[in-house]
Amino acid sequence: MRRLFPFEAPSAVPTDPAGAAVSPPAGPGADDREWTLDELADAYAYVAADAPVRAGRPGWLRANMVSSMDGAAHHDGRSQPLSGAADMRIFGVLRGLADAVVVGAETVRQEGYRPARAREAFAARRAAAGQGAAPAIAVVTAGLGLDFSLPLFTSPLVPTLVLTGAGAPADRVAAARAAGVEVLFAGEGPGVDPARVAAVLAERGHTRLLTEGGPTLLGQFAAAGALDELCLTLAPVVTVGGAPRIMNGPAVPVPERFALASVLEEAGFLFTRYRRS
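These lines cover the structure that appears in this document, whether it is placed above or below. On a predicted model such as this, the values are computed, not experimentally measured, just so you know. (Residues numbered from 1 in each chain as written. Predicted model: local features only at pLDDT ≥ 70, side-chain atom pairs only at ≥ 80, totals over all residues. Heavy atoms only, no water.)

1. Side note on the overall build of the chain
Okay, step 1: When you go through the chain residue by residue, the secondary structure sums to 8 helices and 10 strands.
Okay, step 2: Scaling as 2.2 N^0.38, a compact globule of 277 residues should have a C-alpha radius of gyration of about 19 Å, and the chain matches this with 20 Å.
Okay, step 3: Seen through its principal axes, the chain has C-alpha atoms that stretch 75 × 45 × 35 Å.
Okay, step 4: Expressed as a percentage of the 277 residues in the chain, the buried residues total 43%.
Okay, step 5: The contacts of the chain with a sequence gap of at least 6 include a subset with a gap of at least 24, amounting to 69%.
Okay, step 6: As displayed, the chain offers around 13,400 Å² of accessible surface, 57% of which is attributable to carbon and sulfur atoms. (Helix = DSSP H or I, 4+ residues; strand = E, 2+ residues; numbered from the N terminus. Rg over C-alpha atoms; globule rule 2.2 N^0.38 Å. Buried < 20%, exposed > 50% of the residue type's maximum accessible area, 1.4 Å probe, protein only. Contact = heavy atoms within 4.5 Å. Areas by Shrake-Rupley, 256 points an atom, 1.4 Å probe, with all protein chains shown as cover.)

2. Brief notes about the nonpolar core
Okay, step 1: Among the nonpolar cores identified, the biggest contains 44 residues, and Met 1, Tyr 44, Val 139, Phe 148, Phe 153, Val 162 and Phe 271 are the most heavily contacted of them.
Okay, step 2: Those residues in contact with Tyr 44, other than ones at most four positions away along the chain, are Arg 62, Ile 90, Leu 94, Leu 97, Cys 231, Leu 264, Phe 271 and Arg 273.
Okay, step 3: Counting 27 residues, the second-largest nonpolar core is a separate cluster that includes Val 140, Ala 186, Phe 221 and Ala 222. (Core = buried A, V, L, I, M, F, W, Y, C linked by side-chain atoms within 4.5 Å.)

3. Comments concerning the pattern of salt bridges
Okay, step 1: As enumerated under the stated definition, the model contains 16 salt bridges in all.
Okay, step 2: One salt bridge connects Arg 33 with Glu 39, and the closest N-O pair in it is separated by 2.8 Å.
Okay, step 3: Look at Arg 33 and you get partly exposed, because its relative accessible area is 33%.
Okay, step 4: Taking the shortest distance from any N to any O, the salt bridge between Glu 266 and Arg 89 comes out at 3.1 Å. With Glu 266 in strand 9 (residues 258-266) and Arg 89 in helix 2 (residues 85-97), the pair connects residues that are 177 residues apart, well separated along the chain.
Okay, step 5: A network of salt bridges, in which partner residues are shared, links Arg 57, Asp 228, Glu 256 and Arg 276. (Salt bridge = Lys/Arg side-chain N within 4 Å of Asp/Glu carboxyl O.)

4. Some points on the packing of helix 2 against helix 4 (residues 120-128)
Okay, step 1: Following both chains from N to C, one finds helix 2 and helix 4 inclined at 30°, their axes separated by 9 Å at the closest point. Comparing their axes, helix 4 and helix 2 come out roughly parallel. Here helix 2 and helix 4 pass one another in a crossing that is right-handed. The residues of helix 4 that touch helix 2, namely those facing Gly 92, Val 93, Arg 95, Gly 96 and Leu 97, are Phe 122, Arg 125 and Arg 126.
Okay, step 2: Grouping the amino acids of the contact of helix 2 with helix 4 by side-chain chemistry returns 3 nonpolar, 2 polar and 3 charged. (Axes fitted to C-alpha atoms, helices over the stretch in contact; angles between N-to-C directions. Parallel < 35°, antiparallel > 145°, perpendicular 65-115°, else oblique. Left-handed = near helix turned anticlockwise from the far one by under 90°. Nonpolar A, V, L, I, M, F, W, Y, C, P; charged D, E, K, R; others polar.)

5. Notes on helix 2
Okay, step 1: Under the 1.5 Å per step criterion, the end-to-end length of helix 2 is 19 Å for 13 residues, consistent within 8% with the ideal 18 Å.
Okay, step 2: Taken across its 13 residues, helix 2 has 10 buried, putting it largely inside the fold.
Okay, step 3: Among all positions in helix 2, only Ala 86, Asp 87, Arg 89, Ile 90, Gly 92, Val 93, Leu 94, Arg 95, Gly 96 and Leu 97 are buried. (Expected span 1.5 Å × (residues − 1).)

Put into structure tokens, the structure is as follows:
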């Protein structure tokens, strides 16, 4: 792993084992090595709650997505074929930092979602931040067409949440609650109002939010102006085919500009991070 942006010059002149000065690595990211989980966690730390960019926002919603070189968000219905070892490490780090993982129902079905697990590597960091042992999974759905007998709902370390609208099918809401699932309303119609998700989850103490899509949900968040940050992995593969982009939905009236925060690279994968500008 090497940092391509922003490049930080070495703070001290490096020395050899005998104490003699040696030439520092040349250029951005010359120190190419596997980063520790702590280093990645520091690199991907959430924006502070009192930062000016968060003024008036109940939480911070970041997205984590992977895309092929030709813009595909998945291959054969799943994102895993686009991923790699470093991408999966960053995936785990982003989960390890989040209060809640917000995901669409179709992605839950396609990717076979299971409960988030506690990881010892993040235990001290989460405890210091006042977080539970693992993030909650919050499933966004209009029809509640979910199998509530799956482990995601029956045996999570942290109770799984279902986000829907007040106009969702009453029988499905009742079935979810009968299965012990907490159903939260974040909209007046049958589905979720994406602009209300952060506030509803903040009421439960979840302000560090991570969404893993899919493309339709992420498009809804972006169109509503609710997306604060995008962590986008560009995979060095080409898929062709008809897979959607990482965001799928109607065009926004005016393109919204994000600012580049960082770029890391490993094995040809680019790990970019953009923030609301």
